[in-house]
Number of protein chains: 2
Amino acid sequence: MAQRFYDTRTAQIRDFEPLVPGEASVYYCGATVQGMPHVGHVRSAIVFDILIRWLEATGLRVTSVRNVTDIDDKILDRSADSHEADFEASDLYPAREPWWALAYRFEKAFDAAYLALGVRRPTYEPRATGHVPEMFALIERLMERGHAYPAQDGSGDVYFDVRSWERYGELTRQRVEDMQDAPDADPRGKRDPRDFALWKGAKPGEPATAVWESPWGAGRPGWHLECSAMSTKYLGAEFDIHGGGLDLRFPHHENELAQSAAAGDGFARFWLHNGLVTYGGEKMSKSVGNTISPEEMLGMARPTAVRYFLGQAHYRSQLDYRPGALDEAEAAVERIEGFTARADKDWATADRIRDALAAAGVVVEDGADGATWRLAD
Amino acid sequence: MAQRFYDTRTAQIRDFEPLVPGEASVYYCGATVQGMPHVGHVRSAIVFDILIRWLEATGLRVTSVRNVTDIDDKILDRSADSHEADFEASDLYPAREPWWALAYRFEKAFDAAYLALGVRRPTYEPRATGHVPEMFALIERLMERGHAYPAQDGSGDVYFDVRSWERYGELTRQRVEDMQDAPDADPRGKRDPRDFALWKGAKPGEPATAVWESPWGAGRPGWHLECSAMSTKYLGAEFDIHGGGLDLRFPHHENELAQSAAAGDGFARFWLHNGLVTYGGEKMSKSVGNTISPEEMLGMARPTAVRYFLGQAHYRSQLDYRPGALDEAEAAVERIEGFTARADKDWATADRIRDALAAAGVVVEDGADGATWRLAD
């Protein structure tokens, strides 16, 4: 029986037939490494870890890619704010912690959190900044097809022209008219406020290490473009599954799909989105104070219980955390461990009986009925 | 008193004055991730870990960069050889394990070995494939200055012109005439057999993911160029210390220095090279069978004893492994641990005496002589 998945784009549960028989290709959005992992990040990783293990258990060879987005406004801002009283800024080190060092530090914190929770490493984990030439190529294809244009004010930005692509909105079933404006850049030289940045022209004061020369001037990649460039480089122009948290559907995944489809790529055949984690039924929020981090969870229960808690709900459901939830998960894990320990013991007992019978000349064979007994020759 | 280091380039022990007061910038060559870590790799990492800790202990703020070279001939060859009988190769997956997946797997194996041996992570760990635009910029600067040229046979290679750079050979004090030919490419269209590749034109059959479009045709970076591009991007055109194993002096570091200096960069002010690890006085070699891996060492002794063994010799000395060496290291570590345990106990005893005296109205103060006793007021 074929595996069936709910696909966000078609809003249907569809049979999963991999593009290449015997293989499955999965891209799921990893972290923008601007801070420590949230519970939502690790739930998503656990969900797709379970999916990949399941696909493998059905006999498929899975190639999985999870990105590290190591440059964005917040990473640059957080680095720029990391001054020290006793530290004299220079051209090379305008901040105490350069953006690339900050991104690397958080990349490793995510790596540690994933491993602590039993999330296997993907086949590859590309960094966004490592794929600038691939992004140029994608922008060029979009320009040739009339779906991208340089900002009309000389800012160096390059935008995706949402009005030029009739399918824009297909992932989240929205009409362009009803969409919110793209917040990723000042509306400098945009044709439509919903046009989103493929390339962001350099602004004064940005560190030289965060600026690449492009055919459209110096700047850095747009946040959405990176995933399109990385997924198709490693998985091909068309691949099986694109995953991520529900909050990434719009604008991130809508824009990814638009970029890649408008450039002529088949892109993802299934879009899978996992539900979010709430606290006592409400959105976690630092200002409300109702947050809990993976680190705090790992201080309260064994990793296996934390993984059980985060993996227990159906992946599309909202998962609600409330105090005591990890104790319940711990108790559930203990029940499972008790069961497997008893089963192990029963197997050991069965082995001893088998050995005793064999010594007595009776051989137990595993027959079609699971237990065939016969006297040894 | 200034720190003094032996600098390979000048062949002198020189006072170390950092370029930026209060800071130190260190680049040391990490792994070409084509296999599991050797003992030589981890000795080098321990040596530079100790150096960085020392520099920090003297009050400097250290920015350290260690590269991951994630593309080269061996990585591609090893990937291409990873066919499976039941696996049908395709354009996208010509091999069972794509080169980028293989490189990532070994990158993580190095990461684990470094961490197991107490080597702290550098400030940043760039991947070579992530710096192709920076390499283009460097090649362009070399061409403008007349030190690089495209191969004269249309192969797409770009070479460094060793005859054009009078200082070539300065690191290892060799005359060009006495040097060996550059083995990094067929001598297709070279002006001199010692010219080395900055860019390697794509060859038929190489996977599409390993090919980048460049101003000189499709191809991939030369092995030496990567370190010049990465070190100067993060540490600046001139930085304090470049480190690596003794075996990297020629051709790797000689070529790095030539590229960067010929392009106009000050590059490294000190070159530090650590000695190699031998086995019973001989070069380790798989064909002789006299090898031992970090993994095997960690199976024979505690990580702290392995680190002690690999860190005990002067960093420039050859370090010889022979059976029993790790037992001796373990015994040495136990002596140190015994000493610190006794010292801890003595401090605890001193604290108890101090408390008893205080209760009796005698206060012990730390005076200029280290122990001043007076009656409490």
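These remarks concern the structure in this document.

Calculation criteria
- Residues numbered from 1 in each chain as written.
- Chains lettered and ligands numbered in written order.
- Predicted model: local features only at pLDDT ≥ 70, side-chain atom pairs only at ≥ 80, totals over all residues.
- Heavy atoms only, no water.
- Phe/Tyr/Trp six-rings, centres within 6.5 Å; stacked < 30°, edge-to-face > 60°.
- Helix = DSSP H or I, 4+ residues; strand = E, 2+ residues; numbered from the N terminus.
- Buried < 20%, exposed > 50% of the residue type's maximum accessible area, 1.4 Å probe, protein only.
- Lys NZ or Arg CZ within 6 Å of the ring centre and 35° of its normal.
- Axes fitted to C-alpha atoms, helices over the stretch in contact; angles between N-to-C directions.
- Parallel < 35°, antiparallel > 145°, perpendicular 65-115°, else oblique.
- Contact = heavy atoms within 4.5 Å.
- Least-squares fit on C-alpha atoms with pLDDT ≥ 70 in both.
- 1 Å grid on protein atoms, 1.4 Å probe; cavity = no way out; pocket = protein on both sides within 12 Å on 5 of 7 lines; lining within 4 Å.
- Points joined across faces, edges and corners; volume = space filled by probe spheres on them.
- Nonpolar A, V, L, I, M, F, W, Y, C, P; charged D, E, K, R; others polar.
- Pairing = 2+ DSSP bridges.
- Buried area = accessible area lost by both parts, 1.4 Å probe.
- Salt bridge = Lys/Arg side-chain N within 4 Å of Asp/Glu carboxyl O.

Quick look at the packing of aromatic side chains
- Applying the stated criterion across every chain yields a total of 40 aromatic pairs over all chains.
- Centroid distance Phe160 of chain A to Phe196 of chain A: 5.0 Å. Interplanar angle 15°. Geometry classified as stacked. Of this pair, Phe160 of chain A sits in strand S6 (residues 158-160) while Phe196 of chain A sits in strand S7 (residues 196-201), and the two are 36 residues apart along the sequence.
- The buried category is assigned to Phe160 of chain A, whose relative accessible area is 0%.
- Put simply, the rings of Trp100 and Tyr104 of chain A together with Tyr124 and Tyr234 of chain B pair up and form one aromatic cluster.
- Across from the ring centre of Phe106 of chain B, 4.5 Å away, lies the NZ or CZ of Arg105 of chain B, which sits over that ring.
- A cation over a ring is seen here: Arg316 of chain B above Tyr6 of chain B, with NZ or CZ 3.6 Å from the ring centre.

Describing the packing of helix H1 (residues 39-57) of chain B against helix H8 (residues 303-311) of chain B
Residue and element names in this part refer to chain B.
- Contact pair H1 / H8: the axes reach a minimum separation of 9 Å and the direction vectors enclose 85°. The pairing of H1 with H8 is recorded here as roughly perpendicular in orientation. Facing Val39, Val42, Arg43, Ile46, Asp49, Ile50 and Arg53 of H1, the residues of H8 in contact are Arg307, Leu310 and Gly311.

Things to note about the relation of the copies chain B and chain A
- Superposition record for chain B on chain A: RMSD 0.1 Å, screw rotation 180°, translation along axis 0.1 Å. The symmetry that links the two subunits is that of a two-fold axis. Minimal C-alpha distance to the rotation axis in chain B is attained by Gly130 of chain B, lying at 1.7 Å.
- Both copies present the same face, since 97% of the interface residues in chain B are matched by interface residues at the equivalent positions in chain A.

Details of empty space enclosed by the protein
- The final tally for this structure, using the stated rule, is 6 cavities of 30 Å³ or more.
- Estimated volume of the largest cavity: approximately 80 Å³.
- Lining the largest cavity we find Asp70, Tyr124, Arg127, Thr129, Gly130 and His131 of chain A together with Tyr124, Arg127, Thr129, Gly130 and His131 of chain B.
- Estimates place the volume of the second largest cavity at around 60 Å³.
- With 3 residues, helix H6 (residues 249-262) of chain A is the single largest residue contributor to the lining of the second largest cavity.
- Looking at side-chain class alone, the lining of the second largest cavity contains 7 nonpolar, 2 polar and 2 charged residues.

What to know about the sheet that holds S6 of chain A
Residues and elements named next belong to chain A.
- One open sheet accounts for 4 strands, arranged S5-S6-S7-S8; its pairing is antiparallel. Each having just a single partner strand, strand S5 (148-150) and strand S8 (219-221) make up the two edges of the open sheet. Ignoring which end each strand starts from, the neighbouring axes of this sheet average 20° apart.
- Bridge analysis of S7 against S8 gives 3 bridges, and the strand direction is antiparallel. Bridging across to S8, Lys200 finds its partner in Arg220.

Observations regarding the pairing of strand S1 (residues 3-7) of chain A
Residues and elements named next belong to chain A.
- Here 5 bridges tie S1 to strand S2 (residues 12-16), and the two strands are oriented antiparallel to one another. Within the sheet, the bridge partner assigned to Tyr6 lies in S2 and is Ile13.
- In sequence, S1 turns back onto S2 through a hairpin of 4 residues, with Ala11 there showing a positive phi of about 55°.

Some points on the interface of chain B and chain A
- Between chain B and chain A, the contact holds 32 residues from the first and 32 residues from the second.
- For the pairing of chain B and chain A, the buried interface totals around 3,000 Å² over both sides, and the portion due to carbon and sulfur atoms is 53%.
- Sorting the residues of chain B by area buried against chain A places Trp100, Tyr104 and Tyr124 of chain B first, and these three jointly supply 21% of that buried surface.
- At the boundary of chain B and chain A, one finds 2 salt bridges.

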